[in-house]
Amino acid sequence: MSKNKKNKAAIIHKTQPSVPRGAASDSNGNRAEDIRQLYQQAQSILAEGVPTGASSEPRPDESDPDKLREMAREACEIFRSQTLLLQEKLAHLEKVKQDNERRAAELAEHTAALEHREKQVAAREKDLLAQQAALAGQQMELTRQRLNAEAGFVAERRAALEALESSLAALRNELTRTEEAIAEQRAAWLAEQCKQRRQLEEQLQAELDARKREAEQQLSAYKEQLARREEQLAQREAEVWRRQLDLEQRERALGYERQDLHEQKASLELRVAQRSAAVREELEHRIVSLEAQLQQARRDRDTYEAQLRAREEADRRLGQRTPEELLQELERLRAERDALHKELAQRPDAEAADRLCQLEAERGAWQSERLDLQRRLAEMDRRLARANVAAIQLETLRDEKAALESSRSALQRALEELRVEVNTLIRCAEGRKPFPACAAMDEDAELQTPGATTNGSAVDNLADFVRDLQQRIAHDPEHPDRVLYYTLEDVRSFLAGLAMGPLVLLQGISGTGKTSLPLAFARAMGTRATVVEVQAGWRDPQDLLGHYNAFEKRFYERECLQALYRAQTPRWADTVQIILLDEMNLSHPEQYFSDMLSVLERNPEERHLVLMPHALEGAPALFREGHKLRITENVWFVGTANHDETTKDFADKTYDRAHVMELPLRPQPFQIQPLLPRPPVSFRALRKAFDDAIERHKREADRVIEFLEKHIRDPMMRYFAIGWGPRLERQLRRYVPVVIAAGGTVGEAADHMLAMRLLRKLKHRHDNRPQDLDALRRKLESAWRDLDTQREPRRSMEVLHSELRRLGWAPEDRA
């Protein structure tokens with residue numbers, strides 16, 4: 001390794017984080033001191049061309065100061081990024097300090113006993129000090145006596161002085177032992193106090209953790225219970241509304257039926273009255289006729305009785321002849337009568353004939369009237385039976401109405417209970433913010449602190465950046481045993497797809513790494529990806545973003561809405577944000593993703609997603625006009641799609657707005673190189689790299705557009721009625737330059753766009769003719785050399801060959 005590389009490695013090594021987040025303040029102080037020394041070393045390199053304090057390292061070549069200055073600039077950049085990280089950790093330590101202060105306040109009451117003990121120790125120390133003062137007074141007295149002895153009482157007081165000195169020595173020894181005992185007791189007391197304090201802190205911390213876990217569990221249970229209550233309330237409310245509507249409909253139907261019954265009853269009563277009057281008149285007429293017949297029968301009876309008496313009188317007069325004789329006489333008389341009748345019939349009179357004709361006519365009229373009356377009587381019987389049935393139905397409806405009224409009363413009581421409960425929930429919801437998750441992000445100090453990102457040099461060379469991404473995607477530090485192999489071509493295409501537009505579609509069979517690619521890409525970029533699992537029942541944008549509950553005055557934000565808001569916070573505003581729509585075509589994206597498709601088509605400054613028809617009080621800080629959310633440029637939507645019997649097909653408008661990729665079934669392994677950690681990649685630096693590549697390679701993009709116009713548009717339109725508009729040209733002008741700047745070729749970019757955007761529309765069409773497909777294939781083969789002589793259109797040829805095989809076309813069939 002060269003001297004410059006060694007110096008650079010040493011600088012980078014010194015700037016690597018040595019302690020995790022939340023470490024002790026002294027470790028951070030040492031690290032800050034190291035960073036200051038490194039900064040001074042870098043400033044010395046810039047000023048003098050020679051690093052200071054680098055005696056342990058070999059001196060760099062002083063004849064090449066540019067390399068030293070470049071290394072110093074890199075050290076300064078690293079120092080600035082590490083300073084930002086240190087500031088973030090200091091803010092975290094400040095938060096920890098505040099927490100410790102709160103805990104110290106809670107510990108105050110527990111230290112009362114310790115303070116009392118300290119007071120006792122202080123009192124004992126005071127007594128000892130008093131004893132020490134007394135000893136000092138005695139010592140002064142001894143000194144005075146010594147001076148007096150020196151003045152003239154030496155001989156006489158020597159014995160007393162020696163006795164006093166021995167007493168003083170004993171008292172001093174006793175004072176020394178007492179002080180040592182006090183010191184030992186104080187040290188033991190301090191050790192015991194520290195031990196008790198540590199035990200108390202551990203106990204308090206354990207108790208706080210237990211209470212925190214208990215509170216979190218209670219909060220989670222309360223949230224689950226509240227969610228269940230909300231769901232039950234919504235179901236009950238829907239059931240009440242449904243039953244109330246059903247009841248109102250049935251009441252209206254009953255009203256209509258009741259009105260019809262009243263009208264039918266009035267009409268029936270009128271017809272019954274008319275019919276009864278006619279029947280009564282007819283019966284009265286029949287009674288009169290029967291009474292006349294009775295009178296006639298009575299007269300006939302009287303006549304017969306008279307005849308019987310006359311017969312008896314005749315028999316008496318006949319002389320009591322036998323019946324045989326009378327029969328014979330009767331037969332004879334009958335024969336005579338018959339003969340007379342015949343004779344009379346042969347000679348009828350005019351009056352009898354007229355009377356007979358009149359009677360026959362009256363008989364016919366009477367029979368006709370009788371049949372008409374019988375028919376009318378049957379009709380009245382049927383109507384009477386229907387009226388009886390209607391009356392029974394009316395009674396049944398009355399019973400049902402009573403039951404429904406009882407049910408309605410019960411439902412009204414339940415509705416009142418629900419109304420009370422809803423009002424309670426509304427009162428509880430008063431004061432809450434309408435977007436709680438977004439509002440919590442506004443109050444999150446970590447999200448409101450700008451995060452450190454890489455400088456522009458990390459992505460200046462897109463080819464090196466793609467190779468670095470391939471290595472970082474392949475190796476996951478959290479799962480070292482899991483390796484993800486993606487080719488450079490796939491990584492280039494994915495990166496260029498991000499430059500092309502905000503929507504990327506990854507499709508193909510299961511197990512090819514569609515979901516893993518965006519997640520690993522976000523990890524390699526040092527940012528995060530939000531996974532949204534699409535459900536088969538999604539039909540509305542609310543399923544993707546969330547919905548507003550008017551009773552609670554709260555918007556239930558889904559993961560996608562939270563990710564869109566989080567992407568605008570200072571912590572993530574300068575990073576690449578991925579929203580992964582997993583199994584995107586389980587439901588129709590044109591339904592639940594319709595608003596987003598429309599918004600993403602607008603200019604970046606006009607991408608505002610309307611969440612509510614009106615503004616809400618207390619809306620989050622990043623909302624526009626209180627109800628609109630801006631879709632920032634650092635957000636990309638990546639959708640994965642399988643194609644089987646459980647999924648839906650994408651519409652052409654979705655394909656036309658997206659960058660489509662199909663990953664290979666078996667990626668080729670490659671050698672993985674260890675890489676140093678780095679801060680998240682700056683979104684602004686990445687966008688600048690895209691813009692520079694677009695400006696630098698715009699001529700190649702024009703060549704691809706010219707190639708498609710010259711060689712592909714005519715056969716596609718003539719054979720298959722497929723064309724394209726300005727949108728594809730705009731996408732080519734952004735996709736092709738980035739692929740080339742990332743190490744690809746113009747043929748690679750053109751082949752991908754031709755296969756995924758145009759030839760894809762030829763798959764599984766029932767009106768495809770093999771001759772037309774083969775003509776397009778031969779046209780593409782012959783014209784491709786005008787665009788790229790090094791790379792064949794592999795993807796495009798695979799699409800055409802697959803469709804020809806489906807139609808049973810073989811090369812020998814060309815003739």
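Peer 1: Teacher, can you tell me more about the packing of aromatic side chains here?
Peer 2: To describe a pair of aromatic rings, one takes the distance between the centres and the angle between the planes. In this structure the tally under the stated criterion is twelve aromatic pairs. For the ring pair phenylalanine 435 and phenylalanine 623, a centre distance of 4.7 Å and an interplane angle of 65 degrees mean the geometry is edge-to-face. Here phenylalanine 435, found in the loop between helix H6 (350–429) and helix H7 (436–443), pairs with phenylalanine 623, found in the loop between strand E6 (608–610) and strand E7 (628–630); they are 188 residues apart in sequence, far enough to count as distant. Comparing phenylalanine 435 with phenylalanine 623 shows no difference in burial state: the two are buried. Look at phenylalanine 593 and phenylalanine 637: their rings are 5.4 Å apart centre to centre, the planes differ by 75 degrees, and that puts the pair in the edge-to-face class. Residue phenylalanine 593 is located in the loop between helix H13 (589–592) and helix H14 (594–600), and its partner phenylalanine 637 is located in strand E8 (residues 635–641); the two are separated by 44 residues in the primary sequence. Clustering of aromatic rings is evident, with ring pairs tying together Phe435, Phe555, Tyr565 and Phe623. Looking at arginine 571, its charged tip hangs above the ring of tryptophan 572, at a distance of 4.4 Å from the centre.

Peer 1: Where do I start with helix H9 (residues 488–500) in this structure?
Peer 2: An ideal rise of 1.5 Å per residue puts 18 Å on 13 residues; H9 measures up with 18 Å between its terminal C-alpha atoms. A large share of H9 lies buried, amounting to twelve of its 13 residues.

Peer 1: When you look at the pattern of salt bridges in this model, what are you seeing that I'm missing?
Peer 2: Close approach of charged atoms allows side chains of opposite charge to pair. Per the counting criterion, the structure on display carries 40 salt bridges. Put simply, arginine 727 and glutamate 601 hold a salt bridge, and the shortest N to O gap is 3.1 Å. Of this pair, arginine 727 sits in helix H18 (residues 726–741) while glutamate 601 is found in the loop between H14 and E6, placing the two residues 126 residues apart along the sequence. A salt bridge links arginine 687 to glutamate 633; its shortest N-O distance comes to 3.1 Å. Remark: glutamate 633 occurs in the loop between E7 and E8 and arginine 687 occurs in helix H16 (residues 683–696); sequence separation between them is 54 residues. With a relative accessible area of 31%, arginine 687 lands in the partly exposed category. Here the salt bridges share partners, and the residues they tie into one network are Glu489, Asp490, Asp751, Arg791, Arg794 and Arg795.

Peer 1: When you look at the packing of helix H8 (residues 462–474) against H9 in this model, what are you seeing that I'm missing?
Peer 2: Contact geometry for H8 and H9: axes closest at 10 Å, N-to-C directions at 115 degrees. Between H8 and H9, the crossing angle belongs to the class labelled roughly perpendicular. In this structure, H8 meets H9 at a crossing whose hand is right-handed. Of the residues in H9, those touching H8 at Leu462, Phe465, Val466, Arg467, Leu469 and Gln470 are Leu488, Val491, Arg492 and Leu495. The residue makeup of the contact of H8 with H9, split by class, is seven nonpolar, one polar and two charged.

Peer 1: Sorry, what's going on with the pairing of E8 here?
Peer 2: Along any regular strand the residues' side chains alternate between the sheet's two faces. Buried residues dominate E8, accounting for seven of its seven residues. Residues Val635, Phe637, Gly639 and Ala641 line one face of E8 and the alternating positions Trp636, Val638 and Thr640 line the opposite face, and both faces are buried. As defined by bridge partners, strand E1 (residues 503–507) adjoins E8 across five bridges and the pair is classed as parallel. Pairing of leucine 506 across the sheet is with threonine 640, part of E8. Sheet topology note: the strand E5 (residues 577–582)/E8 ladder contains five bridges and is parallel. Counterpart to isoleucine 579 in the pairing with E8 is phenylalanine 637.

Peer 1: Just checking my understanding: could you explain the sheet that holds strand E9 (residues 659–662) for this structure?
Peer 2: Neighbouring strands of a sheet are bound in pairs by backbone hydrogen bonds; such pairs are parallel or else antiparallel. Ordered in space as E2-E5-E8-E1-E9, the five strands form an open sheet in which the pairing is parallel. The open sheet has two edge strands with one neighbour each: strand E2 (529–533) and E9. The sheet shows a mean angle of 20 degrees between the axes of neighbouring strands, taken without regard to direction.

Peer 1: What's the story with the pairing of strand E4 (residues 554–557) in this structure? I'm lost.
Peer 2: Sheet topology note: the strand E3 (residues 546–549)/E4 ladder contains four bridges and is antiparallel. From the neighbouring strand, asparagine 549 faces E4, where its bridge partner is arginine 554. Counted between consecutive antiparallel strands, the loop separating E3 from E4 contains four residues, among which lysine 553 sits at a positive phi close to 55 degrees.

Quick notes on the rules
- Residues numbered from 1 in each chain as written.
- Predicted model: local features only at pLDDT ≥ 70, side-chain atom pairs only at ≥ 80, totals over all residues.
- Heavy atoms only, no water.
- Phe/Tyr/Trp six-rings, centres within 6.5 Å; stacked < 30°, edge-to-face > 60°.
- Helix = DSSP H or I, 4+ residues; strand = E, 2+ residues; numbered from the N terminus.
- Buried < 20%, exposed > 50% of the residue type's maximum accessible area, 1.4 Å probe, protein only.
- Lys NZ or Arg CZ within 6 Å of the ring centre and 35° of its normal.
- Expected span 1.5 Å × (residues − 1).
- Salt bridge = Lys/Arg side-chain N within 4 Å of Asp/Glu carboxyl O.
- Axes fitted to C-alpha atoms, helices over the stretch in contact; angles between N-to-C directions.
- Parallel < 35°, antiparallel > 145°, perpendicular 65-115°, else oblique.
- Left-handed = near helix turned anticlockwise from the far one by under 90°.
- Contact = heavy atoms within 4.5 Å.
- Nonpolar A, V, L, I, M, F, W, Y, C, P; charged D, E, K, R; others polar.
- Pairing = 2+ DSSP bridges.

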